[in-house]
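A closer look at the structure
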Amino acid sequence: MVAAQLVERPPAQPAGEDSPWHTAAACRRDEVGLFFAPSKEPTAARLSREERAKQVCARCPVLLDCREHALAQPEPYGVWGGLTAAERRVVLARRRRRDVELCEPVRVPGARGRIAG
Ligand code: SF4
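Residues numbered from 1 in each chain as written. Predicted model: local features only at pLDDT ≥ 70, side-chain atom pairs only at ≥ 80, totals over all residues. Heavy atoms only, no water.

What follows concerns the site of the ligand. Around the ligand sit 13 residues in total, of which A25, C27, C57, C60 and C66 are the nearest. Those elements that place two or more of their residues in the shell around the ligand are helix 2 (43-58) and helix 3 (63-72). Classifying every residue of the shell around the ligand by side-chain character gives 12 nonpolar, 1 polar and no charged. (Near = heavy atom within 4 Å. Helix = DSSP H or I, 4+ residues; strand = E, 2+ residues; numbered from the N terminus. Nonpolar A, V, L, I, M, F, W, Y, C, P; charged D, E, K, R; others polar.)

Under the definition given, this model contains 5 salt bridges. Close ionic contact of E50 with R46 constitutes a salt bridge, the shortest N to O distance being 3.3 Å. Of this pair, E50 and R46 both sit in helix 2, 4 residues apart, roughly one helical turn. Here E50 falls in the buried class, since its relative accessible area comes to 12%. R46 gets classed as partly exposed once you look at its relative accessible area, which sits at 29%. A salt bridge links E68 to R95; its shortest N-O distance comes to 2.8 Å. (Salt bridge = Lys/Arg side-chain N within 4 Å of Asp/Glu carboxyl O. Buried < 20%, exposed > 50% of the residue type's maximum accessible area, 1.4 Å probe, protein only.)

Here the focus is helix 4 (residues 85-103). Its 19 residues give helix 4 an end-to-end C-alpha distance of 27 Å, which sits within 8% of 27 Å, the value for a rise of 1.5 Å per residue. Of all the positions in helix 4, only A85, R88 and L92 are classed as buried. Burial along helix 4 is one-sided: seen end-on, the buried residues are contained in an arc of 55 degrees. Residues of helix 4 that are exposed and point over 90 degrees away from its buried face: R94 and E101. Looking at the buried residues of helix 4, the elements they touch are helix 3. (Expected span 1.5 Å × (residues − 1). Arc of directions from axis to C-beta. Contact = heavy atoms within 4.5 Å.)

Structural data, given as structure tokens:
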């Protein structure tokens, strides 16, 4: 849980340029339960909770750091960087497709066996 894992960890050093990004997290002061689903949460309640969590993320100064952290791990649960777990899966799938496309050789029409690039 973002908030819980990051929030309950005391900062290793004072906030500043060299501090870990999560020391400036907006969710440090918010209800931890907002970012992670309780068991058997009804869909309507989940959507409402996630929207409220995203509102906290929207005013967070480290949103991009948090998002990239959650994508890199990848974090399987909770709202991180303004994205739900499902939204992060979509981003990761798009990035994988993009990376594959960037690695594919470009075939030149009419030039047998020739590869551009
Ligand atoms: S972007 Fe959201 S989840 Fe990430 S640190 Fe900020 S408030 Fe917390």
